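Chains, contacts and geometry: an overview
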Amino acid sequence: RNACQKMLEVLELDTNSYRIGQSKIFFRAGVLAHLEEERDLKLTEIITIFQAFCRGNIARKHYNKRVQQLSAIRVIQRNCLSYLK
């Protein structure tokens, strides 16, 4: 019950828009929909940040692999040239 009260304080809801029972929280009409909408917005933001991080990580891996391949190609070319001379 105390945890629910603290959560509702953090959400800054009007005290007239909900009542706390023994085992449930009772919301007035529209309040639950508003909370779900806020949750969806927050989840969308978190997922977007996570996707950006993952895409950046994958792009860095591809870039490092490409740089390593270019370096290997240059070494092979140099070795081939020195072998032909």
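Residues numbered from 1 in each chain as written. Predicted model: local features only at pLDDT ≥ 70, side-chain atom pairs only at ≥ 80, totals over all residues. Heavy atoms only, no water.

Across its full length, the protein chain holds 2 helices and 2 strands. For a compact globule of 85 residues, the expected C-alpha radius of gyration is about 12 Å, and the protein chain comes in at 29 Å, more than 25% above that figure. Its C-alpha atoms give the protein chain principal-axis dimensions of roughly 90 × 25 × 20 Å. Out of the 85 residues belonging to the protein chain, those deemed buried represent 8%. A gap of 22 Å separates the mean positions of the 15 positive and 8 negative side-chain charges of the protein chain. (Helix = DSSP H or I, 4+ residues; strand = E, 2+ residues; numbered from the N terminus. Rg over C-alpha atoms; globule rule 2.2 N^0.38 Å. Buried < 20%, exposed > 50% of the residue type's maximum accessible area, 1.4 Å probe, protein only. Lys, Arg positive; Asp, Glu negative; His and termini not counted. Charge placed at Lys NZ, Arg CZ, Asp CG, Glu CD.)

Before going further, it helps to examine the side chain of Ser 17. Positionally, Ser 17 belongs in the loop between helix 1 (2-11) and strand 1 (18-20). Here Asp 14 takes part through its backbone oxygen, which lies 2.6 Å from a polar atom of the side chain of Ser 17. Those residues in contact with Ser 17 that sit more than four places away from it in its chain are Phe 26, Phe 27, Arg 28 and Val 31. (Polar contact = N/O pair within 3.5 Å; in protein donor to acceptor, adjacent residues only side chain to side chain. Contact = heavy atoms within 4.5 Å.)

Looking now at the confidence of the model for the protein chain. When pLDDT is averaged across the protein chain, the result is 90; 100% of the residues are at 70 or more. Here helix 1 stands out as the element of the protein chain with the lowest mean pLDDT, 83, in contrast to helix 2 (residues 31-84), whose mean of 95 is the highest. (pLDDT = per-residue confidence, 0-100.)

Another aspect to go through is the pattern of salt bridges. Within this structure, the stated rule accounts for 1 salt bridge. The salt bridge involving Arg 39 is made with Asp 40; its shortest N-O contact spans 3.7 Å. (Salt bridge = Lys/Arg side-chain N within 4 Å of Asp/Glu carboxyl O.)

Our focus in this paragraph is the environment of Glu 36. Tracing the chain through its elements places Glu 36 in helix 2. Its relative accessible area of 39% is what places Glu 36 among the partly exposed residues. Residues Glu 36 and Gln 5, 31 residues apart in the sequence, show an inter-C-alpha distance of 18 Å.

When you tally the buried positions in helix 1, you get 1 out of 10 residues, a small fraction of the element. Backbone geometry just downstream of helix 1 places Glu 12 in the positive-phi region, at approximately 60°.

Next up on the list: the nonpolar core. Core analysis: the largest hydrophobic core is formed by 5 residues, namely Leu 8, Leu 13, Tyr 18, Val 31 and Leu 35. If sequence neighbours within four positions are ignored, Leu 35 has contacts with Leu 11, Leu 13 and Phe 27. (Core = buried A, V, L, I, M, F, W, Y, C linked by side-chain atoms within 4.5 Å.)

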